[in-house]
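# Architecture and fold: a report
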Amino acid sequence: MPIYDQTYRPYRGSFEPHTMRWWTIAKAGLKHYMSRKLFLLFLFIATIPAIVRGVLIWLSHQAAMTGFQIIDASFYRGYLTWQGPFLLLICIWPGAILIARDLKSNAIQLYLCRPLTRRDYVIGKFAIIAGIGTLLLPVPGLLLFLMEIGLSDNMDFVVNNYWLPLSILGYSAVVIAGAGLLALAASSMTKSGRYAGLLFFAIVFVSQMIGTVLRLITGNQAFIVLSLPEMVNQTGSLFFGGFGEQVYVIPSLTMYAALIALSLWVLKRRVKAVEIVT
Amino acid sequence: MQQGIVAASGLSRWYGQVIGINDVTLSIGPGITGLLGPNGAGKSTFMKLMTGQIRPSRGEVTVLGEPVWNNPHIMKRMGFCPEQDAFYWSMSGLAWVEGLISLNGYSRAESRQLALAALDAVGLLDRKDDKIGAYSKGMRQRVKLAQAIAHDPEVLILDEPLGGMDPIGRRQTIRMIKDWAARGRHIIVSSHILHEIESMTATILLVNHGRIVAEGNVHEIRELIEEHPHRIFIQCDDPRRLAGRLVGWPVVAGMRLDAEGVEVQTSKPDVFFNGLPDLVLADQVKVTRLLSPDDNLQAIFDYLVK
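Residues numbered from 1 in each chain as written. Chains lettered and ligands numbered in written order. Predicted model: local features only at pLDDT ≥ 70, side-chain atom pairs only at ≥ 80, totals over all residues. Heavy atoms only, no water.

## A short note on the interface of chain B and chain A
Tallying the contact residues gives 37 residues for chain B and 33 residues for chain A. It is Q53, Y88 and L103 of chain B that lose the most area in chain B upon contact with chain A, and together they represent 23% of the buried surface on that side. Our count for the chain B to chain A interface comes out at zero salt bridges. Between chain B and chain A we count 10 residue pairs in polar contact (both at pLDDT 80 or more) in total. Mapped onto the side of chain B that touches chain A, the elements with two or more residues apiece are β1 (6–15), α2 (93–102), α3 (108–121) and α4 (137–149) of chain B. (Contact = heavy atoms within 4.5 Å. Buried area = accessible area lost by both parts, 1.4 Å probe. Salt bridge = Lys/Arg side-chain N within 4 Å of Asp/Glu carboxyl O. Polar contact = N/O pair within 3.5 Å; in protein donor to acceptor, adjacent residues only side chain to side chain. Helix = DSSP H or I, 4+ residues; strand = E, 2+ residues; numbered from the N terminus.)

Encoded structure:
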């Protein structure tokens with residue numbers, strides 16, 4: 001009679017490396033949103049500015065349209081600035097619901113009783129916003145850069161703007177990091193995605209309002225660093241030039257870094273398996 | 001630190017001024033161990049500490065010899081079924097289990113296969129594509145179990161796994177838990193219902209007010225309990241006549257009489273309940289109600305902590 005081993009036999013197959021565990025969360029989130037028609041429609045609308053800029057580049061290379069549009073760093077910066085509201089919408093939906101939904105459904109405890117750290121969890125959620133943000137900002141920006149190179153007759157554009165791809169990437173990374181982490185922090189503050197979205201929206205617009213009102217009352221231009229959109233705008237000068245004209249770049253950058261640090265602190269405090277009420 | 005499947009040393013956890021677990025030192029051996037205690041005793045806190053969900057305020061807890069807090073690698077060897085619902089209601093049972101399993105690092109195909117096997121094991125395979133929001137309470141309990149067992153963990157921690165299940169579901173789940181243990185897994189299961197735990201294991205830990213009140217074999221603990229008088233209230237039409245008869249019965253250790261009935265204290269409740277019908281019939285006393293205020297877990301804890 002055969003005697004079978006009844007003791008515990010662990011899984012002998014292969015596992016994905018732990019360093020990529022966050023990718024499972026990001027992948028699932030991206031797949032979820034990319035399968036929604038409404039979201040795809042939004043992405044299509046968000047692509048229209050890139051298509052328009054592409055047409056402008058093409059027209060600027062037509063003999064009859066010489067001088068119609070100057071393609072330089074400000075053209076690309078203008079494109080990225082134009083995409084800002086779309087990124088803002090991404091931060092509200094789905095950004096602001098990403099953690100709120102898990103808090104509401106107690107799902108964080110099930111994430112964290114797996115081989116996954118809180119950091120992996122936050123990185124995974126952030127990667128969802130970053131992935132969509134990348135599709136909206138740097139990817140079209142770099143494609144427009146390549147398009148200009150492809151249509152150019154000589155190497156002048158490349159020689160004069162060789163740093164542009166890095167600027168597009170750097171600026172996009174800074175904008176996405178700040179907005180994405182702020183959206184996640186807002187999301188971790190409440191169990192309602194709707195309130196989290198409102199909170200994010202309020203932070204952006206109230207900061208702008210305060211900055212503008214204080215600037216108008218006191219006449220001191222330095223108050224613009226209190227405005228989140230202005231912080232981003234000033235930071236853009238660091239990547240696309242105009243540093244000398246924009247005198248508040250360093251204070252804005254400092255404020256922006258402080259905002260990112262604050263968002264990370266909130267996430268550290270709020271993302272827990274179990275909500276402790278004392 | 002004592003060694004065991006789960007070991008705790010001076011483990012404490014408090015929430016502000018509220019104590020969850022208070023200076024617990026223990027070692028849980030292989031097989032099934034029941035964690036028993038009334039609501040609010042500290043069972044769930046202990047389970048959350050065991051699964052690394054909360055950090056101990058003091059002391060340490062290890063599972064399979066490794067510290068749990070901030071050690072995600074040990075989670076590969078553990079499965080956890082929480083007491084609370086933790087669902088995305090619009091997801092199907094299969095997608096939910098598969099998604100959670102993939103967090104362990106399995107490939108997509110492997111995750112699906114494991115999820116299907118787990119849903120089969122809990123009897124939900126035919127409802128795998130239904131949304132969790134459409135599941136009954138018992139089915140939700142089973143799908144939670146499925147996510148806990150799908151990766152075939154060495155140590156399974158189940159927080160009130162039978163809550164909300166119908167009798168058939170309970171029986172199936174109890175059988176499943178016993179089968180896993182027979183295949184070399186270690187299971188720690190909590191409940192506030194003594195007979196549920198007794199049907200799974202004889203090894204129990206009794207928790208009350210954040211402390212381990214008793215530890216070991218359930219029969220030994222029962223014997224210990226039986227040394228304490230058990231209260232039984234008999235509501236009847238003639239309490240005085242019934243009390244007169246009860247006084248002469250050796251199993252009756254004490255008595256209190258009121259207008260409604262008689263409250264008896266006995267150290268042998270089984271003998272008392274067996275003999276009571278004959279006694280009542282002999283005297284033609286009409287019994288309208290029989291209450292056993294001590295026949296619950298809280299009373300057992302009250303006895304043990306006195």
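Moving on from the model shown.
## As for the side chain of S227 of chain A
By the element assignment, S227 of chain A lies in the loop between α10 (193–218) and α11 (228–240). Setting aside its immediate chain neighbours within four residues, S227 of chain A contacts S207 and Q208 of chain A.

## Details of the pattern of salt bridges
The full count for this structure, using the stated rule, is 15 salt bridges over all chains. Of the charged contacts, one joins K125 of chain A and D102 of chain A as a salt bridge, the two residues approaching to 3.0 Å between their closest N and O atoms. Here K125 of chain A, found in helix α6 (residues 118–136), pairs with D102 of chain A, found in helix α4 (residues 98–104); they are 23 residues apart in sequence, far enough to count as distant. Neither residue differs from the other here; K125 of chain A and D102 of chain A are each classed as buried. Of the charged contacts in the structure, one is a salt bridge between R112 of chain B and E98 of chain B, with a shortest N-O distance of 3.0 Å. Here E98 of chain B lies in helix α2 and R112 of chain B lies in helix α3, a separation of 14 residues in the sequence. Given the relative accessible area of 41%, R112 of chain B is considered partly exposed. What makes E98 of chain B buried here is its relative accessible area of 11%. Linked by salt bridges that have partners in common, E66, R77 and E154 of chain B make up one network. (Buried < 20%, exposed > 50% of the residue type's maximum accessible area, 1.4 Å probe, protein only.)

## Remarks on the domain arrangement of chain B
Here chain B is described as being made up of domain 1 (6–217) and domain 2 (226–305). Spacing between the C-alpha centres of domain 1 of chain B and domain 2 of chain B amounts to 39 Å. (Domains from an automatic or database assignment.)

## Here's the deal with helix α9 (residues 269–283) of chain B
Residues and elements named next belong to chain B. Between the first and last C-alpha of α9 there are 21 Å, a value that for 15 residues agrees with the 21 Å anticipated at 1.5 Å per step. The sharpest bend along α9 reaches about 35° and sits at G275, with the proline P277 one to four residues further on. Of the surrounding elements, those touching the buried residues of α9 are β11 (230–236), α8 (239–247), β12 (252–257), β13 (261–266) and β14 (287–291). Of the residues flanking the end of α9, it is Q284, one or two places downstream, whose phi is positive at about 55°. (Expected span 1.5 Å × (residues − 1). Bend = angle between axes of the 7 residues up to and from the residue.)

## Some thoughts on the packing of helix α9 (residues 164–188) of chain A against α10 of chain A
Residue and element names in this part refer to chain A. Interhelical geometry of α9 versus α10 gives an angle of 135° and a closest axis separation of 8 Å. The orientation of α9 with respect to α10, classified from their angle, is oblique. Of the two elements, α9 crosses α10, and the hand of that crossing is right-handed. Contacts between α9 and α10 involve A179, L182, A183, A186 and S187 from the first element and A196, L199, F200 and I203 from the second. Split by residue class, the contact of α9 with α10 holds eight nonpolar, one polar and no charged. (Axes fitted to C-alpha atoms, helices over the stretch in contact; angles between N-to-C directions. Parallel < 35°, antiparallel > 145°, perpendicular 65-115°, else oblique. Left-handed = near helix turned anticlockwise from the far one by under 90°. Nonpolar A, V, L, I, M, F, W, Y, C, P; charged D, E, K, R; others polar.)

## Side note on the sheet that holds strand β2 (residues 18–28) of chain B
All names here are of chain B. Taken together, the four strands give an open sheet; going across it, the order is β2-β1-β4-β5, and neighbouring strands pair in antiparallel fashion. Strand pairing shows two members of the sheet lacking a second neighbour, β2 and β5 (66–67), which therefore form its edges. Here helix α1 (residues 43–50) sits on the sheet and contacts β1, β2 and β4 (58–63); the angle it forms with β1, its principal contact strand, is near 120°. (Pairing = 2+ DSSP bridges.)

## Looking at the packing of helix α3 (residues 73–92) of chain A against α11 of chain A
Residues and elements named next belong to chain A. Viewed as axis vectors pointing N to C, α3 and α11 meet at an angle of 145°, and their least axial separation amounts to 11 Å. Judged by the sense of rotation from one axis to the other, the crossing of α3 with α11 is right-handed. Facing α3, whose interface residues are A73, R77 and L80, α11 presents N233, G236, S237 and F240. The residue inventory of the contact of α3 with α11, partitioned by class, reads three nonpolar, three polar and one charged.

## Let's talk about a nonpolar patch on the surface
Residues L38, L41, F44, I45, I48, I51, V52 and V55 of chain A make up a contiguous nonpolar surface patch of about 730 Å² in total accessible area. Residue placement: I48 of chain A occurs in helix α2 (residues 37–60). (Patch = residues over 30% accessible without salt bridge, like charges linked within 9 Å, V, L, I, M, F, W, Y side chains within 5 Å. Areas by Shrake-Rupley, 256 points an atom, 1.4 Å probe, with all protein chains shown as cover.)

## Focus: the nonpolar core
Ranked by size, the top nonpolar core spans 144 residues in total, and within it Y76 of chain A together with F46, W96, V97 and I187 of chain B carry the most contacts. Element by element, the count of residues in this core is highest for α9 of chain A, at 12 residues. Excluding residues that lie within four positions of it along the chain, F46 of chain B makes contacts with A8, L11, I21, L26, I28 and L35 of chain B. (Core = buried A, V, L, I, M, F, W, Y, C linked by side-chain atoms within 4.5 Å.)

## A few points about unusual backbone geometry
Note that the residue after W93 of chain A, namely P94 of chain A, is joined by a cis bond; omega there is 15°. In this structure, P94 of chain A sits in the loop between α3 and α4. The phi dihedral of D152 of chain B is positive, around 50°, even though this residue is not glycine. Within the secondary structure, D152 of chain B is located in the loop between α4 and β7 (155–159).

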